[in-house]
Amino acid sequence: MTIFDEKQIKELKQEQERWEKTTLPKWLEQCKECKSEFRNHSGILIKRLYTPEDVKDLDYMRDLGFPGEYPFTRGVHATMYRGRLWTMRMFAGFGTAADTNKRFKYLLKEGESGLSTAFDYPTIMGYDSDHPMAKGEVGVCGVAISSLQDMEVLFDGIPLDKVTTSMTINGPAPILLAMYVAVGDKQGVPRTKIGGTTQNDNLKEFFAQKLCIFPPKPSVKLTTDVIEYCARHLPKWNPVSISGYHIREAGATALQELAFTIYDGIAYVESTLERGLKVDEFAHRLSFFFASHNDFFEEIAKFRAARRLWARIMKERFKAKNPRSMWMRMHVQTSGCTLTAQQPLNNIVRTTIQALAAVLGGTQSLHTNSFDEALCLPTEESVRVALRTQQIIAYESGVANTVDPLGGSYYVEELTNEMEQKAMEYIQKIDDMGGAIAAIEKGFFQKEIADSAYKYQREVDEKKRIIVGCNEYTIEEEKCPIELLRVDPKVEREQVARLQKLKRERDNRKVKETLEKLHYAAEKDENLMPTIIEAVKAYATLGEITDVLRKVYGEYKELIII
Amino acid sequence: MQSKKKIRVLIAKPGLDSHDRGAKVVARALRDAGMEVIYTGLRQTPEQIVETALQEDVDVIGLSILSGAHKALFPRIMELLSQKGLTDVMVFAGGIIPEEDIAELKKIGIKEIFGPGTPTETIIKYVLENVPKRA
């Protein structure tokens, strides 16, 4: 169902040519455009003006449809935010489990609607807090979780049937999910009621976030174990959050973020199908995670294109039947790498624009960064302002009153089409290379991202991109006006002492037994979730469990590409 | 007089943090400015970094860290450099390092600290002007 007919477009084109010959030159003479060409971050050339001619082939039912219906360009829910606002889910974690538990409760009290856990580097890398590599890093960039005991403290007084929790964890995702399940069991919450998300996107680690423990193949195996286990036992859990955010933060353009993320999604669908599951048994629980950067319309177009592209891939490539399998549900985080250490209060404005793009793009869940994040982890005050930013957009701005308010904008629709089309070209290219793992092994993603990061920095250095307060409108002798959050070094000492006490006092024979069982299951290539749940319940630590897997799978050696 | 030999720089990522965007951009910028750049890759211990510096006979080391572990890791690196007799290697650092830590880090011998938003030109210029003279 095309919207414009050929005759009308032809007339319009003539009118535009007239305008370009008569009205426009006079204006250009008086007021020269400030750049010879305008491009967005993805390198797409932006035209001076968009008209129906740019979207003359747009077929409303094929390309847009109605919200809640295929291809979901206008949103996965029919009423979108009129029915329910997006989940306000602030990423939080520092110090000990008790410190973070306090921050969780603070954020819930201030009105956030879901939890999101940031783990420290040792936890993310599968080391206990007392490992030599953990020195100086315990509880610094996230919360330290070495055993079920820490997890029990983290969710103390938080009923797991009432909140959903997102956990930013990848290599050790099966272990942290096992701990969460164990806390739920202890609280008496049925496993069918536990809801949340494990990031569990190991592929992007190899070229974006780079917190890899195991080589690519066993890493994908572990991701798939969680997908399979959740499909069978945790129906409300999103087993993987296929993450473009880190791809973007590592320096990719919006277009690369879109294409590479979707490709990772394709790889997980394939790996799960190989297990013998049917696409409609698990695809409805795959979720996505994107960044929202500074270029407002580019971001909106990216989110809309992502939904449409995923729906088409699920339907056409994987033959999904259930519309829910075609839904792309997404969490969005405003872009950390756009925040400046200079004039940090400006970051509130950047975050507002980025959050607005995410909402206009139709996200299901949102994290807004705090203004001090180029300097330290957020304080209570800065995180409150970030949460209030979402609340102001939700309750005061009116943008949540109608579904997909920018649908039909010539510019947004044209950009959405272009993002989809160019992402498809990348997808074709990666298919031709032999898929995601082959592309990683060739260094394809790594090189693409490094090139974009360097290009971006050059543009900033040469002032082709203005960063307010950083390369333009700077203040000499700037004094840092804000209070910084510092994690006390005593956190590490206390955490190590607690952990060592646990290791002395638990039933060590039982721990050894469960770890041996796990070793056996890993060698037999079984789904490891059930044995990991047993091991964490015996208080085997994160490091001990990861070490068993390190022995079986080996460790990843980074492919260095500058 | 600067010798005609190219300046050799080691860009290193100590600790567990995986944010290598800045380190890689700086490595590439220094290379484009005509220096020989060795990049360690992620998650290097202080021992590994100093060993690489020795093996590669570098003039300059650039340390990049965003995890907040600089106070635990930088002093160890400086200590090992001095134990190995690499006292004439110029060390600079970058990443997320709070202003109040800077004086302390300079006291242990780190020559300069570049925060977020530093143009690569500034770093290139600094290295060219401060690289130790080769015998």
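Residues numbered from 1 in each chain as written. Chains lettered and ligands numbered in written order. Predicted model: local features only at pLDDT ≥ 70, side-chain atom pairs only at ≥ 80, totals over all residues. Heavy atoms only, no water.

**Here's the deal with the overall build of chain B**
- Looking only at helices and strands, chain B features 5 helices and 5 strands.
- Scanning chain B from its N terminus toward the C terminus, one meets helices and strands in the order β-α-β-α-β-α-β-α-β-α.
- In terms of C-alpha radius of gyration, chain B reaches 13 Å, essentially the compact-globule figure of 14 Å for 135 residues.
- Each of the three principal axes of chain B carries a C-alpha extent, and together these read 40 × 35 × 25 Å.
- Residues counted as buried form 56% of the 135 residues belonging to chain B.
- Taking the intrachain contacts of chain B between residues at least 6 apart in sequence as the baseline, contacts between residues at least 24 apart amount to 73%.
- Per element, the accessible surface of chain B, about 6000 Å² overall, is 51% carbon and sulfur.
- Of the side chains in chain B, 19 bear a positive and 18 a negative charge, and the two mean positions are spaced by 4 Å. (Helix = DSSP H or I, 4+ residues; strand = E, 2+ residues; numbered from the N terminus. Rg over C-alpha atoms; globule rule 2.2 N^0.38 Å. Buried < 20%, exposed > 50% of the residue type's maximum accessible area, 1.4 Å probe, protein only. Contact = heavy atoms within 4.5 Å. Areas by Shrake-Rupley, 256 points an atom, 1.4 Å probe, with all protein chains shown as cover. Lys, Arg positive; Asp, Glu negative; His and termini not counted. Charge placed at Lys NZ, Arg CZ, Asp CG, Glu CD.)

**A look at the interface of chain B and chain A**
- Across the boundary between the two partners, chain B contributes 38 residues, which contact 41 residues of chain A.
- Between chain B and chain A lies a buried interface of about 3100 Å² when both sides are counted; carbon and sulfur atoms form 53% of it.
- The largest per-residue losses of area from chain B upon contact with chain A belong to Leu16, Arg21 and Arg28 of chain B, which jointly make up 26% of the total buried on that side.
- Note that lysine 210 of chain A and aspartate 20 of chain B form a salt bridge whose closest N and O atoms lie 2.9 Å from each other.
- Taken together, the connections running from chain B to chain A amount to 14 residue pairs in polar contact (both at pLDDT 80 or more).
- Among the secondary structure elements, those contributing two or more residues to the side of chain B that touches chain A are α1 (21-32), α3 (70-83), α4 (99-107) and α5 (120-130) of chain B.
- For the side of chain B that touches chain A, the element with the most residues is α1 of chain B, which contributes 8 residues.
- Among the residues making up the side of chain B that touches chain A, the classes are represented as 14 nonpolar, 11 polar and 13 charged. (Buried area = accessible area lost by both parts, 1.4 Å probe. Salt bridge = Lys/Arg side-chain N within 4 Å of Asp/Glu carboxyl O. Polar contact = N/O pair within 3.5 Å; in protein donor to acceptor, adjacent residues only side chain to side chain. Nonpolar A, V, L, I, M, F, W, Y, C, P; charged D, E, K, R; others polar.)

**With respect to the pattern of salt bridges**
Residues and elements named next belong to chain A.
- Applying the stated rule across the entire model yields 60 salt bridges over all chains.
- Note that lysine 186 is salt-bridged to glutamate 152, the shortest N-O span being 2.9 Å. Taken together, the residues lysine 186 in helix α7 (residues 173-187) and glutamate 152 in helix α6 (residues 148-154) connect sequence positions 34 residues apart.
- Salt-bridge contacts for aspartate 225 lead to lysine 221; the nearest nitrogen and oxygen are separated by 2.8 Å. In this pair, aspartate 225 and lysine 221 are both assigned in helix α8 (residues 216-233), 4 residues apart and thus about one turn of the helix distant. Neither aspartate 225 nor lysine 221 differs from the other in exposure class; each is buried.
- Counted as one network, the salt bridges with shared partners bring together Arg62, Asp63, Arg308, Arg312 and Glu420.

**Comments concerning the confidence of the model for chain B**
All names here are of chain B.
- In this model, chain B carries an average pLDDT of 92, and 96% of its residues clear a pLDDT of 70 or more.
- Averaged over each element, pLDDT in chain B is lowest for α4 (92) and highest for strand β1 (residues 8-12) (97).
- Here the complex is predicted with pTM 0.94, and the ipTM for its interfaces comes to 0.86. (pLDDT = per-residue confidence, 0-100.)

**A word on α1 of chain B**
- Taking 1.5 Å as the rise per residue, α1 of chain B with 12 residues should run 16 Å; its terminal C-alpha atoms sit 16 Å apart, in good agreement.
- Among all positions of α1 of chain B, only Ala23, Lys24, Val25, Val26, Ala27, Arg28, Ala29 and Leu30 of chain B are buried.
- Along its buried surface, α1 of chain B packs onto α17 (444-461) of chain A together with β1, β2 (36-39), β3 (60-65) and α5 of chain B.
- In the stretch just after α1 of chain B, glycine 34 of chain B is the one whose phi turns positive, near 100 degrees. (Expected span 1.5 Å × (residues − 1).)

**Examining the environment of glutamate 281 of chain A**
Residues and elements named next belong to chain A.
- Inspection of the secondary structure assignment puts glutamate 281 in helix α11 (residues 279-282).
- Spatially, the C-alpha atoms of glutamate 281 and glutamine 199 are 19 Å apart, while their sequence positions differ by 82 residues.
- Separated by 2.6 Å, the side chain of glutamate 281 and the backbone nitrogen of lysine 278 make a polar contact.

**Considerations on the sheet that holds β1 of chain B**
Residues and elements named next belong to chain B.
- On the basis of which strands lie adjacent, the open sheet formed by 5 strands has the order β2-β1-β3-β4-β5 and parallel pairing. In the strand order of this sheet, the two ends are held by β2 and β5 (112-114), each with one partner. On average, adjacent strands in this sheet sit at an angle of 20 degrees to one another, irrespective of strand direction.
- Where β1 lies against β3, 4 bridges are found, and the strand directions are parallel. (Pairing = 2+ DSSP bridges. Axes fitted to C-alpha atoms, helices over the stretch in contact; angles between N-to-C directions.)

**What to know about the nonpolar core**
Residue and element names in this part refer to chain A.
- In terms of nonpolar packing, the biggest core is built from 151 residues, with Met151, Phe155 and Phe260 touching the most fellow members.
- In terms of residue count, helix α10 (residues 254-274) provides more of this core than any other element does, 11 residues in total.
- Ignoring any residue separated from it by four or fewer positions in sequence, one finds phenylalanine 260 in contact with Phe207, Ile247, Tyr426, Ile430, Phe444, Phe445, Glu448 and Ile449. (Core = buried A, V, L, I, M, F, W, Y, C linked by side-chain atoms within 4.5 Å.)

**Details of the packing of aromatic side chains**
Residues and elements named next belong to chain A.
- This model, assessed by the stated rule, comprises 25 aromatic pairs over all chains.
- A ring pair is formed by tyrosine 180 and tryptophan 237, whose centres lie 5.2 Å apart and whose planes are at 55 degrees; its orientation type is tilted. Placement of the pair is tyrosine 180 in helix α7 and tryptophan 237 in strand β5 (residues 237-238), with a sequence separation of 57 residues.
- Within the aromatic cluster, the residues linked to one another by ring pairs are Phe207, Phe260, Tyr426, Phe444 and Phe445.
- The ring of tyrosine 50 carries the charged tip of lysine 47 above its face, separated from the ring centre by 5.7 Å.
- In this structure, lysine 315 packs its charged tip against the face of tyrosine 70, placed 4.2 Å from the ring centre. (Phe/Tyr/Trp six-rings, centres within 6.5 Å; stacked < 30°, edge-to-face > 60°. Lys NZ or Arg CZ within 6 Å of the ring centre and 35° of its normal.)

**Things to note about a nonpolar patch on the surface**
- Taken together, the side chains of Met1, Met61 and Phe66 of chain A define a hydrophobic patch exposed on the protein surface, amounting to about 320 Å² of accessible area.
- Note on placement: methionine 1 of chain A falls in the segment before α1 (6-21). (Patch = residues over 30% accessible without salt bridge, like charges linked within 9 Å, V, L, I, M, F, W, Y side chains within 5 Å.)

**Structural notes on the pairing of strand β3 (residues 165-168) of chain A**
- Residues Thr165 and Met167 of chain A of β3 of chain A are buried on one face, and the alternating residues Ser166 and Thr168 of chain A, pointing to the opposite face, are buried as well.
- Remark: the β3 of chain A/α7 of chain A/strand β4 (residues 196-198) of chain A crossover connection has right-handed handedness. (Right-handed = clockwise from strand over helix to strand, strands pointing away.)

**Notes on the packing of α8 of chain A against α10 of chain A**
All names here are of chain A.
- With their axes 10 Å apart at the nearest point, α8 and α10 run at an angle of 70 degrees to one another. Regarding the angle of α8 to α10, the classification is roughly perpendicular. Residues Val220, Thr223, Thr224 and Ile227 of α8 form the contact with α10, whose own contacting residues are Tyr268, Ser271 and Thr272.
- When grouped by side-chain class, the residues that make up the contact of α8 with α10 number 3 nonpolar, 4 polar and no charged. (Parallel < 35°, antiparallel > 145°, perpendicular 65-115°, else oblique.)

**Regarding the sheet that holds β5 of chain A**
Residue and element names in this part refer to chain A.
- Strand order in the open sheet formed by 9 strands is β5-β4-β3-β2-β1-β9-β8-β7-β6, with parallel pairing between adjacent strands. Edge positions in the sheet fall to β5 and β6 (240-243), since each has one partner strand and no second.
- Summarising the sheet, β4 and β5 pair through 2 bridges and their orientation is parallel. Opposite glycine 196, over in β5, you have tryptophan 237 as the bridge partner.
- Relative to the sheet, helix α4 (residues 97-109) contacts β1 (87-92) and β2 (114-118), its axis offset from that of β1 by approximately 155 degrees.

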